[in-house]
Amino acid sequence: MDERAYDELRLSQWRSGRARGFSRRDLLKLTAAVGAAGALADAAPAVAAGAPIVKPLPPELFKQFGTNAETLWSSLKDVGYHVPIDRFFVRNHTSTPAVDSRSWRLNVFGAGLRGGPAEFTLRDLKGLPSVTHSVAIECAGNARGYFTSQQGQTVSGTAWGLGAVGVARWRGVRLSTVLRRAGLSPRAVDVQATGLDANFVSGGVDLGPVRRPMPVRKALDDVLLAYEMNGSPLPTDHGHPVRLVVPSWIGISSIKWVGSIEVSDEPLFSPWNTQFYRLFGPGFPADGQPFDRQSIKSAFELDPGATFPAGRTVRLTGRSWSAAGRIEHVDVSTDGGTRWRRARPVGPSIDNAWQRWEVDWRPTAGTHVLQARATDVRGNAQPEVARHNTLGYLFDAVVKVPVTAS
Ligand SMILES: Nc1nc2c(c(=O)[nH]1)N[C@H]1C(S)=C(S)[C@@H](COP(=O)(O)O)O[C@H]1N2
Ligand SMILES: [Mo]
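Bear in mind that the values here come from a model prediction, so they are computed numbers and not experimental data.

1. Looking at the sheet that holds strand E18 (residues 296–300)
Taken in spatial order, the four strands of this open sheet run E18-E20-E24-E23, and their pairing is antiparallel. The open sheet has two edge strands with one neighbour each: E18 and strand E23 (344–349). Pairwise comparison of adjacent strand axes, ignoring direction, gives a mean angle of 20° for this sheet. In this sheet, strand E20 (residues 314–322) lies alongside E18 in antiparallel orientation, the contact comprising five bridges.

Put into structure tokens, the structure is as follows:
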């Protein structure tokens, strides 16, 4: 079954009340509470205990939004294919917890296992065959701010620029290896990891710990339980000691600080696939349209408002990425979209990661609008306008970047 068909089936099961963990009634209650409080999904959490983010967030590397911090694209110029840990974006629903890796255990349980629960220490996981992959993690709300600034539309949630994305080298064990060791049953339907961070409270309602189910088919396909990032033990803010890395899917799938994994023999639901991370708004089903996959985007390695010397050739650099496949080509305009030219690819184009590129440009004095438009190997190209949805997910339109030369 393809992902879309799976989503549709899941939606109808949920509508008909076949939902354990988070029912339609819970959602209606929640919607009322959220409406009353005037807050919405992805907004700053009501409680944030301790240090929301542990690593330093210098203003030349990050723009901070409460418990979240996006990478400034100017900080990715000349840093190579992978985003260094010191500038990788952080998206926390609450706060970064301190998890002791020696006493940490992964508990795998549920009716989708042949026997009882299984427990793994970090040592156990490291003793299993490991794989290393370059994979992008990107927030579903990345570039959300452009719905408002570029399209004049109202959306709720963190007004990210383009910096809620990063590619790192993740090393870990395949989730499929762990699930098979735990005794996966042919009856298994869904797999849901739960984080050890504090419960997420939204609009006065305690929604429990961050968790989100995925179909067993995805779990067995390409998902990692990662314990290393760019060759270092997984850093505190990025899920120490172990996180999921779910290639091509929205960032919320890649649960950090994993404490347990439920394998169920029926569909699972959580607020993170019912109330949040669904497409709501005109043209979408009243219950929202489910989605799992990320979209296609491009970014220049500079910040809006950057300045250049006039009359001298500069090298513009950037990156493009698509969840549907490798980037085929990137077109760049430096005159607000009248003329486009092909950017030169730089280095590899890796599936589920990104493609770096460059173009030379000699600006005249004055203000200019830069744009980059990517096309992937499946023929998907970035549109002029992203499809509006009230929670502001999956912005994929070509971004207009104002710069000045003097
Ligand atoms: N336990 C837990 N996992 C989580 C989150 C969280 O708040 N708690 N945030 C998710 C979201 S919305 C995103 S976009 C990614 C961000 O990963 P990063 O902070 O390592 O960049 O983690 C996901 N995993
Ligand atoms: Mo996210």
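2. Describing the nonpolar core
Judged by nonpolar contacts, the single largest core of 56 residues is most densely connected at Trp170, Phe300, Leu302, Phe308, Leu316 and Trp354. Three or more residues apiece are contributed to this core by two domains, here domain 1 (3–290) and domain 2 (297–405). Setting aside residues up to four positions removed in sequence, Phe308 forms contacts with Leu302, Val314, Leu316, Trp361, Pro363, Val403, Thr404, Ala405 and Ser406. Listed in part, the 50 residues of the second largest apolar core include Ile252, Val263, Tyr277 and Leu391.

3. What about the site of ligand 1?
Around ligand 1 lies a shell of 19 residues, among which Phe89, Asp197, His238, Arg243 and Lys256 are the nearest. Taking His238, its side chain carries an N or O atom lying 2.8 Å from an oxygen atom of ligand 1. Separating a nitrogen atom of ligand 1 from a backbone N or O atom of Ser254 is a distance of 3.1 Å. Calculation on ligand 1 without its partners gives an accessible area of 540 Å², and the protein chains cover 100% of this total. When its residues are assigned to classes, the shell around ligand 1 shows nine nonpolar, six polar and four charged.

4. Brief notes about the side chain of Gln294
One can find Gln294 in the loop between strand E17 (289–290) and E18. A distance of 2.7 Å separates a polar side-chain atom of Gln294 from the backbone oxygen of Glu138. Not counting residues up to four positions away in its chain, the partners in contact with Gln294 are Glu138, Cys139, Ala140, Ser248, Trp249, Ile250, Gly251, Ala323 and Leu394.

Cut-offs and rules
Residues numbered from 1 in each chain as written. Chains lettered and ligands numbered in written order. Predicted model: local features only at pLDDT ≥ 70, side-chain atom pairs only at ≥ 80, totals over all residues. Heavy atoms only, no water. Pairing = 2+ DSSP bridges. Helix = DSSP H or I, 4+ residues; strand = E, 2+ residues; numbered from the N terminus. Axes fitted to C-alpha atoms, helices over the stretch in contact; angles between N-to-C directions. Core = buried A, V, L, I, M, F, W, Y, C linked by side-chain atoms within 4.5 Å. Buried < 20%, exposed > 50% of the residue type's maximum accessible area, 1.4 Å probe, protein only. Domains from an automatic or database assignment. Contact = heavy atoms within 4.5 Å. Near = heavy atom within 4 Å. Polar contact = N/O pair within 3.5 Å; in protein donor to acceptor, adjacent residues only side chain to side chain. Areas by Shrake-Rupley, 256 points an atom, 1.4 Å probe, with all protein chains shown as cover. Nonpolar A, V, L, I, M, F, W, Y, C, P; charged D, E, K, R; others polar.

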